[in-house]
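Coordinates in review
Here's the letter readout for the chains.
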Amino acid sequence: MSGRVLIKLRAALPRLSAFALIVAVVAYVGVTASSPVVFDLDTALLAVISAIALSYLVGIAGQVAVGTAAFQGIGAYAVVVVGHGLPFPCGILVGALAAAIIGLLVGLPSLRLRGLYLIFSTLALQFIAGYAFNEYDTKTNALAGHFISSPKFAGATIGSVRTWFVILIIVDVLVALVFRSLIRGRPGRALAAVRTNEAAAAVMGIGVSREKLVAFVVSAGFTGAAGALGAYVLQE
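Report on the accompanying structure. (Residues numbered from 1 in each chain as written. Predicted model: local features only at pLDDT ≥ 70, side-chain atom pairs only at ≥ 80, totals over all residues. Heavy atoms only, no water.)

Considerations on a nonpolar patch on the surface
A surface patch of nonpolar side chains, amounting to about 500 Å² of accessible area, comprises Val66, Leu116, Phe120, Leu123 and Phe127. Here Val66 shows up in the loop between helix 2 (35-60) and helix 3 (68-81). (Patch = residues over 30% accessible without salt bridge, like charges linked within 9 Å, V, L, I, M, F, W, Y side chains within 5 Å. Areas by Shrake-Rupley, 256 points an atom, 1.4 Å probe, with all protein chains shown as cover. Salt bridge = Lys/Arg side-chain N within 4 Å of Asp/Glu carboxyl O. Helix = DSSP H or I, 4+ residues; strand = E, 2+ residues; numbered from the N terminus.)

This is the structure in structure tokens:
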């Protein structure tokens, strides 16, 4: 057993070394760079969460969708409207749940769509969400933006771009590990079978529609969580 573990560690060593080097370089830049540069890094780290969720939906589930910005906005506005008075982790959860619910509502009628038709259905969500956001801003006289108080976690206020930088690096790593587990586990294997041949997957007892819908909802939920985090980060 120990020999197998050692072989696996040796095989993974190049990837682990590359990952550690990237983290070290990013951390060094985050510590030494000016605040505007760190803020830009924060926004990039936020985009990483959405990119991982989208790559799972497109690369693993094989569903081409362009609704990422809409789900990010839904997560952010959920924090503004509902979650601004809640504890920080609960606010993130509210954003993720709101996006996941909308993803479920959009995903159900989109199960029979493929290719350009699926793209157009998610593109329509972009325009609908943008219109709804503008209408909300207009009616609440918030065209200049929304105010969200600085979040608190474990009794400490998160109020600097460098603090967010550290938090977002940790969140990105955790999100990557979650999706790595999904891809290597049963959901990933089922989606690989569905992507390869839906008819064969159905014969093997895999619920094709269920797996595709779950992948869509999971991707939307994590994208909404990224939007909710962005609402807190961008108000600094």
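Don't stop here, the text continues.
Describing empty space enclosed by the protein
What the rule picks out here adds up to two cavities of 30 Å³ or more. Reported here for the largest cavity is a volume of approximately 80 Å³. For the lining of the largest cavity, the elements supplying multiple residues, two or more each, are helix 2, helix 3 and helix 9 (208-234). Classifying every residue of the lining of the largest cavity gives seven nonpolar, five polar and no charged. For the second largest cavity, the calculated volume is near 30 Å³. Looking at the second largest cavity, the residues that line it are Gln63, Gly107, Ser110, Leu111, Leu118 and Phe216. Grouping the amino acids of the lining of the second largest cavity by side-chain chemistry returns three nonpolar, three polar and no charged. (1 Å grid on protein atoms, 1.4 Å probe; cavity = no way out; pocket = protein on both sides within 12 Å on 5 of 7 lines; lining within 4 Å. Points joined across faces, edges and corners; volume = space filled by probe spheres on them. Nonpolar A, V, L, I, M, F, W, Y, C, P; charged D, E, K, R; others polar.)

Considerations on the environment of Ala190
Structurally, Ala190 can be placed in helix 7 (residues 186-196). A sequence separation of 21 residues divides Ala190 from Glu211, and the C-alpha atoms of the two residues are 7.2 Å apart. Non-local contacts of Ala190, meaning those with residues more than four positions away in its chain, are made with Ile206 and Glu211. (Contact = heavy atoms within 4.5 Å.)

Focus: the pattern of salt bridges
Throughout the structure, instances matching the rule amount to two salt bridges. Arg186 is paired through a salt bridge with Glu211; the nearest N and O atoms lie 3.0 Å apart. With Arg186 in helix 7 and Glu211 in helix 9, this pair connects stretches of sequence that are 25 residues apart. On the accessibility criterion, Arg186 (44% relative accessible area) is partly exposed. Note that Glu211 and Arg210 form a salt bridge whose closest N and O atoms lie 3.2 Å from each other. A relative accessible area of 7% means that Glu211 is categorised as buried. What makes Arg210 partly exposed here is its relative accessible area of 45%. (Buried < 20%, exposed > 50% of the residue type's maximum accessible area, 1.4 Å probe, protein only.)

Let's talk about the nonpolar core
Phe71, Phe88, Ile92, Trp164, Leu229 and Tyr232 are the most contacted members of the largest nonpolar core, which has 47 residues in total. Every element with two or more residues in this core is listed here: helix 2, helix 3, helix 4 (88-110), helix 5 (116-139), helix 6 (161-184) and helix 9. Here this core gets 10 residues from one element, more than from any other, and that element is helix 9. Ala190, Ala193, Ile206 and Val208 belong to the second largest nonpolar core, which has six residues in total. (Core = buried A, V, L, I, M, F, W, Y, C linked by side-chain atoms within 4.5 Å.)

Considerations on the environment of Gly107
Residue position: Gly107 is located in helix 4. Note: C-alpha distance between Gly107 and Val214 (107 residues apart in sequence) is 8.9 Å. Ignoring sequence-local partners within four residues, the contact set of Gly107 consists of Leu213 and Phe216.

Side note on the packing of helix 3 against helix 9
The geometry of helix 3 relative to helix 9 is characterised by a closest axis approach of 6 Å and an angle of 55 degrees between their N-to-C directions. Taken together, the axes of helix 3 and helix 9 are oblique relative to one another. When you trace helix 3 past helix 9, the crossing you get is right-handed. Contact residues: helix 3 offers Thr68, Phe71, Gln72, Gly75, Ala76 and Val79, while helix 9 offers Phe216, Ala220, Thr223, Gly224, Gly227, Ala228, Ala231 and Tyr232. Within the contact of helix 3 with helix 9, the residues separate by chemical class into eight nonpolar, six polar and no charged. (Axes fitted to C-alpha atoms, helices over the stretch in contact; angles between N-to-C directions. Parallel < 35°, antiparallel > 145°, perpendicular 65-115°, else oblique. Left-handed = near helix turned anticlockwise from the far one by under 90°.)

Structural notes on the side chain of Asp172
For Asp172, the position within the fold is in helix 6. In this structure, Asp172 is in contact with Leu45, Val48, Ile49 and Ile52, ignoring residues within four places of it in sequence.

Topic: the side chain of Ser50
Within the element layout of this structure, Ser50 appears in helix 2. The exposure class of Ser50 is buried, given its relative accessible area of 4%. For Ser50, the residues in contact, after removing those within four places along its chain, are Thr68, Gln72, Thr223 and Ala226.

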